[in-house]
Amino acid sequence: MVRGLSKRFGSLRALDGLDLDVPPGRLTALIGPNGAGKTTAFACISGALRPSTGSVRFENHEISGTPYHRVARLGIARTYQIVQTFGEMSVLDAVIVGALLRHRRVADARAFALKTIEALGLGPKRDALCRSLTIADKKRLEVARALATEPRLLLLDEVMAGLTPAEGAAAVELLRAIIATGVAILMVEHVMEVVMPLAEHVVVLAAGKPIFAGDPRAAVNDPVVIEAYLGRP
Amino acid sequence: MSVRSHVAALAAVSAALIALALGYHNPFILDLVFTGLIFAVLGQSWNWISGYAGQISFGHALFFGCGAYAAALFAVHHGSPWLALVGGAVVAAVLAVLVGFPCFALRGHYFSIATIAVAAIAEITASNADVLGKANGFEMPILAPSLAALQFTDKGQYVLVALGLFVIAQLATVGLERSRLGYYLRAIRQNQEAAASVGIDARLAKLVTYAGCGALAALAGALYAQQTLYVGPEDTLGLPISISIALVGVVGGLSTVWGPALGAFVYVVLARYGGAMLGGSGRGLDLVLYGALILLIVSLQPDGLAGFARFVRRRGTAASS
Amino acid sequence: MAVDFGPLPQLIVSGILTGLLFALISVGLTLIFGVMDVVNFAHGEFLMLAMYATFGAGLIGLNPILALPVVALLMFLVGAIVYRVLIRRLLAGPPSAVVFGTFGLLVFLQGAAQFLFTSDYRSVPNPPFQGTLHLGSINLGEAQIVAGLGALVLTAFVFAFVEYTEPGRALRALSEDRVAAQLMGIDVQRMNAFAFGLGIACAGAAGALLMLTYQAYPRVGTEFALTAFVVVALGGFGSVQGALVGAVLVGLVEVLGGFYISPALKMIPVYVLYLLVVLVRPQGLLGRR
């Protein structure tokens, strides 16, 4: 559904010629070592940055350079690497804000938000203030908020960062459940192990260029990929 | 506070004021109450944009003056004052959109200064345009007292109409807080970027809010004109008016339903009573007191007087849970 | 409708001189913003206080020029104290606290002036420089020239201070990157107080100069402050050069507008200019943020 043809920009070639397809109901991962250009790619896809060349298409709409709120309305939701919560609002209210996109009446949005919160296991915390949550819960909240907008594509920006192994495992389960509902997920991730059990398709970036695209298991054994992560032996 | 408690408080206040308006015939007191209600509505309208929407306006007199001038113009040209209310509100809403559309893209203080600039342009224009009465403004013709003419001999009846507007403003605010727009505004204030990621068009939300608050302020302005029967540029469009409106909002507490009413109460008490008590030499003392009050409040509790109440209540519930 | 270009040279010079005075006021405002991110809504009130102080000095025989150093120093101290007592506390709170705090200060000071000094207009008795200078077709009041040139000298002085001295560099470091400046060992609170004091001193000096040609009354502060805000926003918040450029521009627009359109409407082009500039270039002409 998302077809990024080719993107690069600036006098600094942060990203050079990335092609990416994200089919529905699947998880596609964009990985690479630090500085590979993942953040830039994510920014271009989510609408934060306008690519120098190339296009980002979603369901036949060209979305590169489109402002956030319109992108959300088209059915793309995202989370943030550094969690962006509605600090002083309660968990429930924060998710209601998301649900209001598709449910214009507050009562309907509230009902949907409650369902979403329960589904993500945040039920008991629904009246807590956003800023009082743990990092893991905040990330869960971000996902809940994003899901409340009933997206067809979910963009996750280094969602595993800062989680303990137990929290990470729980997150993996959560993502599995989300894919099962038919939502497409594009994950940008630094840590490879996390991605393996989940991803159907992996694209590896190094120094702005895609150096591998395909099955995650093959990626782990690919010499080019290993070199990118560990350096020349 | 729940909707029920808001309505209860509103009913209580209304009952008290109705009793006052019908029973107590001291024109000085009734004048005070009228002014207080007008400022409560103005403060509430300011609260919508500066508190809920987070874009602080120091040029709110623009909308107040809009309504006042609408009333004056309609009166001078023998139109119905009720039409003037509607007309003023519509014009104010349109102005709000025109000003807000480009200016909401600006960072906070640039916007605040822009509001001052626009109000200043309006004041200068009104002072110099024949159509708008130039510096002397308009003296509105005195008509036979009636509801249709919106003029009364008994000050108490003005208070009743003002009370009606106040009730509308309060209910609208309660509604705003609980509406989709209210949620969106809160989200925008918390984190504008995250808000955008869930589909919130911040500019549109702010524009709608601004248009609404402009209309509300204009209604207050038109009503004020009907009572004083004189509309002049300095009294209605001047910077001191904008400052007074902002003052009411800040002292009372932003982003609360009852803050502006509290602020208006303090304002009226200090201004008229204080000034009247001390006579001519008291001029300015009311401002000194407000200023000191604002400084005190801002240093201790940025949410104004209503914020204190909320703070206490939260402490109370935390202690009991 | 024929446009009269005859008085143009005079208008231009007059506009520049007026602008220079705005520059001095605005430089103080932009300095305070640049260093500590505070829009001092009460800036005009300090100007007003300085004008009254100069008037007071005039009552005991000091003309504004002689009073200037005293008034400026006094205002510097006032500024530093206001910073320590109030601004510092406001900075610890939410951003709206700063806006409402300086707003509250505005109300307080204006009220105090109204209460203590009444609304009467006050001028310095026996002001110096009452003559007129004639340069070809240009006729200018001596007082206006002295005020304008004085403002220029002082603005240049402030600019040089910020550019070339040690504390000036510290101020610039703070305005560019507060965290980095702190890591380099700069005492933020002391520098903030200093910057605030300096900004108020600029307003103070401007006030003294203004008393050569103007009168003091409680509302005079807000009138000049609005122009100062327009200047600072025009030039870009935080930019000293921007304040100078913006001020001269505003001065020219005001004087030319006053002549060619109408004296009563002269501020309208200024405000329109502001709105146009910030809409096209939100950071002002020379601003960074």
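What counts as what
- Residues numbered from 1 in each chain as written.
- Chains lettered and ligands numbered in written order.
- Predicted model: local features only at pLDDT ≥ 70, side-chain atom pairs only at ≥ 80, totals over all residues.
- Helix = DSSP H or I, 4+ residues; strand = E, 2+ residues; numbered from the N terminus.
- Rg over C-alpha atoms; globule rule 2.2 N^0.38 Å.
- Buried ≥ 20, exposed ≤ 12 C-beta atoms within 10 Å, placed from the backbone.
- Contact = placed C-beta atoms within 7 Å.
- Nonpolar A, V, L, I, M, F, W, Y, C, P; charged D, E, K, R; others polar.
- Axes fitted to C-alpha atoms, helices over the stretch in contact; angles between N-to-C directions.
- Parallel < 35°, antiparallel > 145°, perpendicular 65-115°, else oblique.
- Left-handed = near helix turned anticlockwise from the far one by under 90°.
- Core = buried A, V, L, I, M, F, W, Y, C linked by C-beta atoms within 7 Å.
- pLDDT = per-residue confidence, 0-100.
- Pairing = 2+ DSSP bridges.
- Expected span 1.5 Å × (residues − 1).

**Some words on the overall build of chain C**
Link 1 in the chain: Each helix and strand in chain C was counted, giving 11 helices and two strands.
Link 2 in the chain: Across chain C, helices and strands are ordered from the amino to the carboxyl terminus as α-α-α-α-β-β-α-α-α-α-α-α-α.
Link 3 in the chain: Against the globule reference of 19 Å for 289 residues, chain C gives a C-alpha radius of gyration of 19 Å, in line with a compact fold.
Link 4 in the chain: Dimensions of chain C, computed from the C-alpha atoms along their principal axes, are close to 60 × 50 × 35 Å.
Link 5 in the chain: Buried positions account for 54% of the 289 residues belonging to chain C.
Link 6 in the chain: The contacts in chain C between residues at least 6 apart in sequence include a share of 78% that link residues at least 24 apart.

**Observations regarding the interface of chain A and chain B**
Link 1 in the chain: Between chain A and chain B, the contact holds 22 residues from the first and 17 residues from the second.
Link 2 in the chain: Among the elements of the structure, helix H2 (68-74), strand S6 (76-78) and helix H3 (91-99) of chain A are those that each provide at least two residues to the side of chain A that touches chain B.
Link 3 in the chain: The class makeup of the residues in the side of chain A that touches chain B is 10 nonpolar, six polar and six charged.

**Some points on the packing of helix H2 (residues 43-59) of chain C against helix H8 (residues 188-210) of chain C**
Residues and elements named next belong to chain C.
Link 1 in the chain: Closest axis-to-axis distance for the H2/H8 pair is 7 Å, and the angle between their directions is 45°. As judged from the angle between their axes, H2 and H8 are oblique. In this structure, the crossing between H2 and H8 has a hand that is right-handed. Each of His43, Phe46, Leu47, Ala50, Met51 and Thr54 in H2 lies in contact with H8, whose residues at this interface are Ile200, Ala203, Gly204, Ala206, Gly207, Ala208 and Leu210.
Link 2 in the chain: Tallied by class, residues from the contact of H2 with H8 come to nine nonpolar, four polar and no charged.

**Notes on the arrangement of the chains**
Link 1 in the chain: Pairwise contact counts over the two pairs of chains in contact peak for chains B and C.
Link 2 in the chain: The least C-alpha distance between chain A and chain C, which are not in contact, is 13 Å.

**Describing the interface of chain B and chain C**
Link 1 in the chain: At the interface, 34 residues of chain B touch 36 residues of chain C.
Link 2 in the chain: Contributing elements (two or more residues each) for the side of chain B that touches chain C: helix H5 (108-128), helix H11 (239-252) and helix H13 (285-300) of chain B.
Link 3 in the chain: A per-class count over the side of chain B that touches chain C returns 26 nonpolar, six polar and two charged.

**Some thoughts on the nonpolar core**
Link 1 in the chain: Within the largest apolar cluster, 291 residues are counted, with the highest numbers of intra-cluster contacts made by Ala117 and Ile294 of chain B together with Ala23, Ala206 and Val230 of chain C.
Link 2 in the chain: No other element matches helix H9 (residues 202-228) of chain B, which puts 16 residues into this core.
Link 3 in the chain: In this structure, Ala117 of chain B is in contact with Val230, Tyr271, Tyr274 and Leu275 of chain C, ignoring residues within four places of it in sequence.

**What to know about the confidence of the model for chain C**
Link 1 in the chain: Residue-level pLDDT values for chain C average 86, and 97% of them are 70 or greater.
Link 2 in the chain: Per the prediction output, this complex has pTM 0.85; the corresponding ipTM is 0.82.

**Some details on the environment of Pro240 of chain B**
Link 1 in the chain: Within the fold, Pro240 of chain B resides in helix H11.
Link 2 in the chain: When the C-alpha positions of Pro240 of chain B and Phe58 of chain B are compared, they lie 9.8 Å apart, and in sequence the two are 182 residues distant.

**A short note on the pairing of strand S3 (residues 27-31) of chain A**
All names here are of chain A.
Link 1 in the chain: Across the five residues of S3, five count as buried, placing the element largely inside the fold.
Link 2 in the chain: Taking every second residue as pointing to the same face, both faces of S3 are buried, with Leu27, Ala29 and Ile31 on one and Thr28 and Leu30 on the other.
Link 3 in the chain: Sheet topology places S3 next to strand S8 (residues 184-189); five bridges connect them, and they run parallel. Across the sheet, residue Ala29 finds its bridge partner in S8, namely Met187.
Link 4 in the chain: Across four bridges, S3 lies against strand S9 (residues 201-206) in parallel orientation. Residue Ala29 lies in a different strand from S9, and its bridge partner there is Val202.

**Looking at H8 of chain C**
Link 1 in the chain: Between its first and last C-alpha, H8 of chain C extends 32 Å over 23 residues, near the 33 Å set by a 1.5 Å rise per residue.
Link 2 in the chain: In terms of residue burial, H8 of chain C counts as a mostly covered element, since 20 of its 23 residues are buried.

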